[in-house]
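Per-entry structural report
So the chains spell out like this:
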Amino acid sequence: MTSGTSPAVPALSEVLDVVEELWPSSLAESWDAVGLVAGRREAEVSTIHFAVDPVAEVVEEACRAGADLLITHHPLLLRGVTTVEAGTFKGAVIHRLIESGCALLSAHTNGDSAVGGVNDVLAEILGLEETTPLKPAEEGLNEEGLGRIGTLPQGTTLGDFAATVFGILPAVAGGVRVAGDRDAFIQRVALCGGAGDSLLQTAAEAGADVYITADLRHHPASEAREAAAGGRPYLMDVSHFASEWLWLPAAAQALDRALADRGWQVEVAVSGINTDPWDFVITPGH
Ligand SMILES: [Zn+2]
(Lines give C-alpha, C1' and ligand atoms only; values in the text may rest on other atoms or scores of the structure.)
Protein backbone atom coordinates (compact mmCIF):
# COMPACT_ATOMS: atom_id res chain seq x y z
CA MET A 1 0.00 0.00 0.00
CA THR A 2 1.14 3.50 -0.67
CA SER A 3 0.11 6.52 1.28
CA GLY A 4 -0.03 8.66 -1.82
CA THR A 5 2.13 11.33 -0.23
CA SER A 6 5.67 11.93 -1.30
CA PRO A 7 8.47 12.25 1.29
CA ALA A 8 8.77 15.65 2.92
CA VAL A 9 11.46 17.74 1.30
CA PRO A 10 12.96 20.67 3.24
CA ALA A 11 13.35 24.20 1.99
CA LEU A 12 16.89 25.55 1.82
CA SER A 13 16.15 27.74 4.87
CA GLU A 14 15.31 24.59 6.85
CA VAL A 15 18.55 22.93 5.77
CA LEU A 16 20.41 26.08 6.82
CA ASP A 17 18.89 25.83 10.31
CA VAL A 18 20.21 22.28 10.67
CA VAL A 19 23.62 23.25 9.26
CA GLU A 20 23.80 26.03 11.85
CA GLU A 21 23.17 23.52 14.63
CA LEU A 22 25.81 21.10 13.36
CA TRP A 23 28.48 23.65 12.41
CA PRO A 24 27.61 26.95 14.14
CA SER A 25 28.78 29.99 12.22
CA SER A 26 29.85 31.53 15.54
CA LEU A 27 32.74 29.04 15.52
CA ALA A 28 34.16 30.50 12.30
CA GLU A 29 37.38 32.50 12.52
CA SER A 30 36.95 36.29 12.21
CA TRP A 31 38.65 36.40 8.77
CA ASP A 32 36.49 33.63 7.35
CA ALA A 33 33.41 33.79 5.09
CA VAL A 34 31.05 30.92 5.85
CA GLY A 35 27.39 30.28 5.06
CA LEU A 36 25.26 30.66 1.98
CA VAL A 37 27.00 31.95 -1.15
CA ALA A 38 24.20 31.44 -3.69
CA GLY A 39 20.66 30.11 -3.59
CA ARG A 40 17.07 30.96 -2.75
CA ARG A 41 16.10 30.17 0.84
CA GLU A 42 12.58 29.13 -0.18
CA ALA A 43 13.82 26.61 -2.79
CA GLU A 44 13.25 22.91 -2.07
CA VAL A 45 16.31 20.79 -1.39
CA SER A 46 16.08 17.09 -2.14
CA THR A 47 19.71 16.35 -3.09
CA ILE A 48 22.80 17.64 -1.30
CA HIS A 49 26.34 17.24 -2.60
CA PHE A 50 29.48 17.56 -0.43
CA ALA A 51 32.99 18.51 -1.58
CA VAL A 52 36.15 20.21 -0.31
CA ASP A 53 36.58 22.77 -3.10
CA PRO A 54 33.96 24.65 -5.17
CA VAL A 55 36.02 24.26 -8.36
CA ALA A 56 34.53 23.94 -11.86
CA GLU A 57 34.81 20.14 -12.06
CA VAL A 58 33.10 19.66 -8.70
CA VAL A 59 30.32 22.13 -9.52
CA GLU A 60 29.76 20.37 -12.85
CA GLU A 61 29.54 17.03 -11.04
CA ALA A 62 26.99 18.39 -8.55
CA CYS A 63 24.85 20.07 -11.21
CA ARG A 64 24.85 17.01 -13.45
CA ALA A 65 23.77 14.89 -10.47
CA GLY A 66 20.82 17.25 -10.02
CA ALA A 67 21.99 18.58 -6.66
CA ASP A 68 19.92 21.40 -5.15
CA LEU A 69 22.68 22.30 -2.72
CA LEU A 70 26.45 21.98 -2.87
CA ILE A 71 28.17 22.21 0.52
CA THR A 72 31.90 22.82 0.29
CA HIS A 73 34.48 23.16 3.01
CA HIS A 74 36.33 25.99 1.27
CA PRO A 75 34.59 29.29 0.50
CA LEU A 76 34.32 30.32 -3.16
CA LEU A 77 34.35 34.04 -2.33
CA LEU A 78 36.66 34.57 0.64
CA ARG A 79 37.98 37.96 -0.42
CA GLY A 80 36.18 40.89 -2.01
CA VAL A 81 35.15 40.55 -5.63
CA THR A 82 33.92 43.24 -7.99
CA THR A 83 32.49 40.96 -10.66
CA VAL A 84 31.01 37.49 -11.12
CA GLU A 85 31.13 37.85 -14.91
CA ALA A 86 30.93 34.38 -16.45
CA GLY A 87 34.27 34.79 -18.20
CA THR A 88 36.08 34.59 -14.86
CA PHE A 89 36.50 31.16 -13.28
CA LYS A 90 34.61 32.10 -10.13
CA GLY A 91 31.92 33.86 -12.14
CA ALA A 92 31.54 30.77 -14.32
CA VAL A 93 30.99 28.68 -11.19
CA ILE A 94 28.36 31.11 -9.87
CA HIS A 95 26.56 31.13 -13.22
CA ARG A 96 26.58 27.33 -13.55
CA LEU A 97 25.16 26.96 -10.04
CA ILE A 98 22.41 29.54 -10.45
CA GLU A 99 21.45 28.36 -13.93
CA SER A 100 21.01 24.80 -12.69
CA GLY A 101 19.22 25.81 -9.50
CA CYS A 102 21.95 24.59 -7.17
CA ALA A 103 22.70 26.59 -4.03
CA LEU A 104 26.24 26.87 -2.62
CA LEU A 105 27.12 26.85 1.05
CA SER A 106 30.48 26.91 2.81
CA ALA A 107 31.19 25.32 6.20
CA HIS A 108 34.86 26.24 6.64
CA THR A 109 36.54 27.06 9.97
CA ASN A 110 33.20 26.43 11.70
CA GLY A 111 33.42 22.94 10.16
CA ASP A 112 36.99 22.64 11.52
CA SER A 113 36.15 23.64 15.07
CA ALA A 114 32.79 21.97 15.62
CA VAL A 115 32.25 18.74 17.50
CA GLY A 116 32.24 16.09 14.77
CA GLY A 117 34.07 18.52 12.47
CA VAL A 118 37.17 18.10 10.31
CA ASN A 119 39.58 17.70 13.22
CA ASP A 120 37.39 15.42 15.29
CA VAL A 121 36.88 13.10 12.33
CA LEU A 122 40.60 13.02 11.59
CA ALA A 123 41.38 12.27 15.25
CA GLU A 124 38.75 9.56 15.38
CA ILE A 125 39.94 7.85 12.20
CA LEU A 126 43.49 7.88 13.58
CA GLY A 127 42.17 6.23 16.74
CA LEU A 128 43.17 9.02 19.13
CA GLU A 129 41.78 8.88 22.65
CA GLU A 130 41.03 11.61 25.19
CA THR A 131 41.06 14.15 22.42
CA THR A 132 40.86 17.87 23.18
CA PRO A 133 41.16 20.98 20.98
CA LEU A 134 44.66 22.37 20.50
CA LYS A 135 43.23 25.88 20.59
CA PRO A 136 39.84 25.93 22.34
CA ALA A 137 37.12 28.11 20.84
CA GLU A 138 36.85 31.53 22.47
CA GLU A 139 33.09 31.27 22.53
CA GLY A 140 31.92 27.71 22.57
CA LEU A 141 32.08 24.34 24.28
CA ASN A 142 35.30 22.93 25.70
CA GLU A 143 35.22 20.34 22.93
CA GLU A 144 35.15 23.00 20.21
CA GLY A 145 38.15 24.75 18.71
CA LEU A 146 40.98 24.46 16.21
CA GLY A 147 43.16 21.36 15.94
CA ARG A 148 43.05 18.38 18.25
CA ILE A 149 45.51 16.54 20.49
CA GLY A 150 45.02 13.01 21.74
CA THR A 151 46.79 9.78 22.55
CA LEU A 152 47.16 6.61 20.53
CA PRO A 153 46.05 3.54 22.52
CA GLN A 154 49.43 2.04 21.72
CA GLY A 155 52.62 3.87 20.89
CA THR A 156 54.34 3.21 17.61
CA THR A 157 57.28 4.43 15.56
CA LEU A 158 57.13 7.64 13.57
CA GLY A 159 57.73 5.65 10.37
CA ASP A 160 54.92 3.16 11.02
CA PHE A 161 52.57 5.95 12.01
CA ALA A 162 53.37 7.85 8.81
CA ALA A 163 52.47 4.71 6.85
CA THR A 164 49.18 4.51 8.77
CA VAL A 165 48.40 8.15 8.01
CA PHE A 166 49.27 7.61 4.35
CA GLY A 167 46.94 4.61 4.21
CA ILE A 168 44.05 6.47 5.84
CA LEU A 169 44.14 9.59 3.68
CA PRO A 170 42.81 9.70 0.11
CA ALA A 171 45.67 8.92 -2.28
CA VAL A 172 47.26 12.09 -3.65
CA ALA A 173 50.47 12.70 -5.59
CA GLY A 174 52.27 14.46 -2.76
CA GLY A 175 51.94 11.62 -0.27
CA VAL A 176 53.12 12.32 3.28
CA ARG A 177 56.31 14.20 4.24
CA VAL A 178 57.85 13.62 7.64
CA ALA A 179 60.47 15.48 9.70
CA GLY A 180 62.02 13.34 12.42
CA ASP A 181 63.67 10.03 13.19
CA ARG A 182 61.78 7.21 11.46
CA ASP A 183 62.35 4.90 14.44
CA ALA A 184 61.36 7.40 17.13
CA PHE A 185 58.59 6.35 19.51
CA ILE A 186 55.40 8.39 19.30
CA GLN A 187 52.09 8.19 21.13
CA ARG A 188 50.78 11.71 21.72
CA VAL A 189 49.47 13.12 18.44
CA ALA A 190 48.45 16.68 17.59
CA LEU A 191 46.71 17.47 14.33
CA CYS A 192 45.11 20.25 12.37
CA GLY A 193 43.34 19.54 9.08
CA GLY A 194 44.28 22.03 6.37
CA ALA A 195 46.97 24.67 6.83
CA GLY A 196 47.97 24.53 10.48
CA ASP A 197 51.34 26.24 10.78
CA SER A 198 49.80 28.78 13.18
CA LEU A 199 49.50 25.98 15.73
CA LEU A 200 53.10 24.68 15.49
CA GLN A 201 54.11 26.20 18.81
CA THR A 202 50.82 25.23 20.46
CA ALA A 203 51.39 21.61 19.45
CA ALA A 204 54.90 21.76 20.96
CA GLU A 205 53.67 23.33 24.19
CA ALA A 206 50.92 20.71 24.44
CA GLY A 207 53.57 17.98 24.53
CA ALA A 208 52.81 16.39 21.16
CA ASP A 209 55.19 13.71 19.92
CA VAL A 210 54.13 14.46 16.37
CA TYR A 211 52.10 17.22 14.73
CA ILE A 212 50.14 16.42 11.58
CA THR A 213 49.00 19.28 9.37
CA ALA A 214 49.17 20.52 5.78
CA ASP A 215 50.86 23.25 3.72
CA LEU A 216 53.93 23.49 5.96
CA ARG A 217 56.28 26.08 4.46
CA HIS A 218 60.06 26.04 4.77
CA HIS A 219 60.54 28.74 7.41
CA PRO A 220 57.84 27.76 9.93
CA ALA A 221 58.79 24.09 9.58
CA SER A 222 62.53 24.76 9.79
CA GLU A 223 62.13 27.00 12.84
CA ALA A 224 59.89 24.45 14.57
CA ARG A 225 62.49 21.75 13.98
CA GLU A 226 65.27 24.02 15.29
CA ALA A 227 63.21 24.86 18.38
CA ALA A 228 62.67 21.15 18.97
CA ALA A 229 66.44 20.53 18.54
CA GLY A 230 65.62 17.64 16.22
CA GLY A 231 63.33 16.03 18.78
CA ARG A 232 59.60 16.19 19.50
CA PRO A 233 57.24 17.23 18.14
CA TYR A 234 58.10 15.63 14.82
CA LEU A 235 56.22 17.03 11.85
CA MET A 236 54.00 15.30 9.35
CA ASP A 237 53.00 17.38 6.32
CA VAL A 238 50.02 15.92 4.48
CA SER A 239 47.82 17.05 1.60
CA HIS A 240 45.53 19.92 2.54
CA PHE A 241 42.73 18.45 0.41
CA ALA A 242 43.17 14.91 1.74
CA SER A 243 43.21 16.00 5.38
CA GLU A 244 39.84 17.73 4.92
CA TRP A 245 38.18 15.29 2.52
CA LEU A 246 37.91 12.68 5.30
CA TRP A 247 35.34 14.91 6.98
CA LEU A 248 32.92 14.82 4.05
CA PRO A 249 31.34 11.36 4.51
CA ALA A 250 30.87 12.04 8.23
CA ALA A 251 29.43 15.51 7.56
CA ALA A 252 27.05 14.15 4.94
CA GLN A 253 25.87 11.44 7.32
CA ALA A 254 25.45 13.89 10.21
CA LEU A 255 23.36 16.26 8.08
CA ASP A 256 21.30 13.41 6.64
CA ARG A 257 20.52 12.12 10.15
CA ALA A 258 19.74 15.55 11.58
CA LEU A 259 17.35 16.27 8.70
CA ALA A 260 15.72 12.84 9.10
CA ASP A 261 15.23 13.56 12.82
CA ARG A 262 13.10 16.52 11.75
CA GLY A 263 11.10 14.42 9.31
CA TRP A 264 12.90 15.57 6.16
CA GLN A 265 14.15 13.23 3.53
CA VAL A 266 17.09 14.19 1.35
CA GLU A 267 19.71 12.39 -0.69
CA VAL A 268 23.31 13.13 0.21
CA ALA A 269 26.36 12.45 -1.92
CA VAL A 270 30.08 13.03 -1.46
CA SER A 271 32.28 14.08 -4.38
CA GLY A 272 35.03 11.65 -5.22
CA ILE A 273 36.93 14.18 -7.32
CA ASN A 274 40.50 14.74 -6.17
CA THR A 275 40.90 18.52 -6.00
CA ASP A 276 44.46 18.45 -4.65
CA PRO A 277 46.23 20.82 -7.08
CA TRP A 278 49.36 18.65 -7.38
CA ASP A 279 49.56 15.90 -10.01
CA PHE A 280 52.94 14.23 -9.62
CA VAL A 281 56.21 14.42 -7.72
CA ILE A 282 59.76 13.40 -8.46
CA THR A 283 61.78 12.33 -5.44
CA PRO A 284 65.30 10.92 -5.04
CA GLY A 285 65.37 7.15 -4.63
CA HIS A 286 61.80 6.24 -5.42
ZN1 LIG B 1 41.22 23.91 4.05
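Residues numbered from 1 in each chain as written. Predicted model: local features only at pLDDT ≥ 70, side-chain atom pairs only at ≥ 80, totals over all residues. Heavy atoms only, no water.

Structural notes on the overall build of the protein chain
A tally of regular secondary structure across the protein chain gives 10 helices and 11 strands. Computed over its C-alpha atoms, the radius of gyration of the protein chain comes to 20 Å, within 12% of the 19 Å expected for a compact globule of 286 residues. In terms of its C-alpha atoms, the protein chain occupies a principal-axis envelope of roughly 65 × 45 × 40 Å. When the 286 residues of the protein chain are sorted by exposure, 46% land in the buried category. About 14,500 Å² of surface is accessible on the protein chain, with carbon and sulfur atoms providing 51% of the total. Of the side-chain charges in the protein chain, 16 are positive and 40 negative, and the distance between the mean point of each set is 3 Å. (Helix = DSSP H or I, 4+ residues; strand = E, 2+ residues; numbered from the N terminus. Rg over C-alpha atoms; globule rule 2.2 N^0.38 Å. Buried < 20%, exposed > 50% of the residue type's maximum accessible area, 1.4 Å probe, protein only. Areas by Shrake-Rupley, 256 points an atom, 1.4 Å probe, with all protein chains shown as cover. Lys, Arg positive; Asp, Glu negative; His and termini not counted. Charge placed at Lys NZ, Arg CZ, Asp CG, Glu CD.)

Focus on the coordination of the zinc ion
The zinc ion binds to the protein through His74 (NE2), His240 (NE2), Glu244 (OE) and Glu244 (OE), with metal-donor distances spanning 2.1 to 2.3 Å. Here the zinc ion is ringed by 4 donor atoms whose angles at the metal span 57 to 134°, and the overall shape comes out irregular. Binding-site remark: the zinc ion is held by donors from one chain whose sequence spacing is H-x165-H-x3-E. Here His240 pairs with Glu244, and both are found in helix H9 (residues 240-245), just 4 residues apart, close to one helical turn. Here His240 matches Glu244 in class, with each residue buried. (Donors = N, O, S within 2.8 Å, 3.2 Å for Na, K, Ca; no water. Tetrahedral: all angles 85-135°; square planar, octahedral: opposite > 155°, others 65-115°.)

Concerning the packing of aromatic side chains
Scanning the entire structure with this criterion turns up 1 aromatic pair. Relative to Trp247, the ring of Trp23 has its centre 5.3 Å away and its plane inclined at 75°; by these criteria the two rings are edge-to-face. One end of the pair, Trp23, is in the loop between helix H1 (12-22) and strand E1 (35-38); the other, Trp247, is in helix H10 (residues 247-261), with 224 residues separating them in the sequence. Classification of Trp23 as buried rests on a relative accessible area of 2%. (Phe/Tyr/Trp six-rings, centres within 6.5 Å; stacked < 30°, edge-to-face > 60°.)

Considering the packing of H1 against H10
The geometry of H1 relative to H10 is characterised by a closest axis approach of 10 Å and an angle of 120° between their N-to-C directions. The pairing of H1 with H10 is recorded here as oblique in orientation. Crossing handedness for the pair H1 and H10: right-handed. Where H1 approaches H10, its residues Val15, Val18, Val19 and Leu22 are matched on the opposing element by Ala254, Leu255, Ala258 and Leu259. Along the lines of polarity and charge, the residues of the contact of H1 with H10 split into 8 nonpolar, no polar and no charged. (Axes fitted to C-alpha atoms, helices over the stretch in contact; angles between N-to-C directions. Parallel < 35°, antiparallel > 145°, perpendicular 65-115°, else oblique. Left-handed = near helix turned anticlockwise from the far one by under 90°. Contact = heavy atoms within 4.5 Å. Nonpolar A, V, L, I, M, F, W, Y, C, P; charged D, E, K, R; others polar.)

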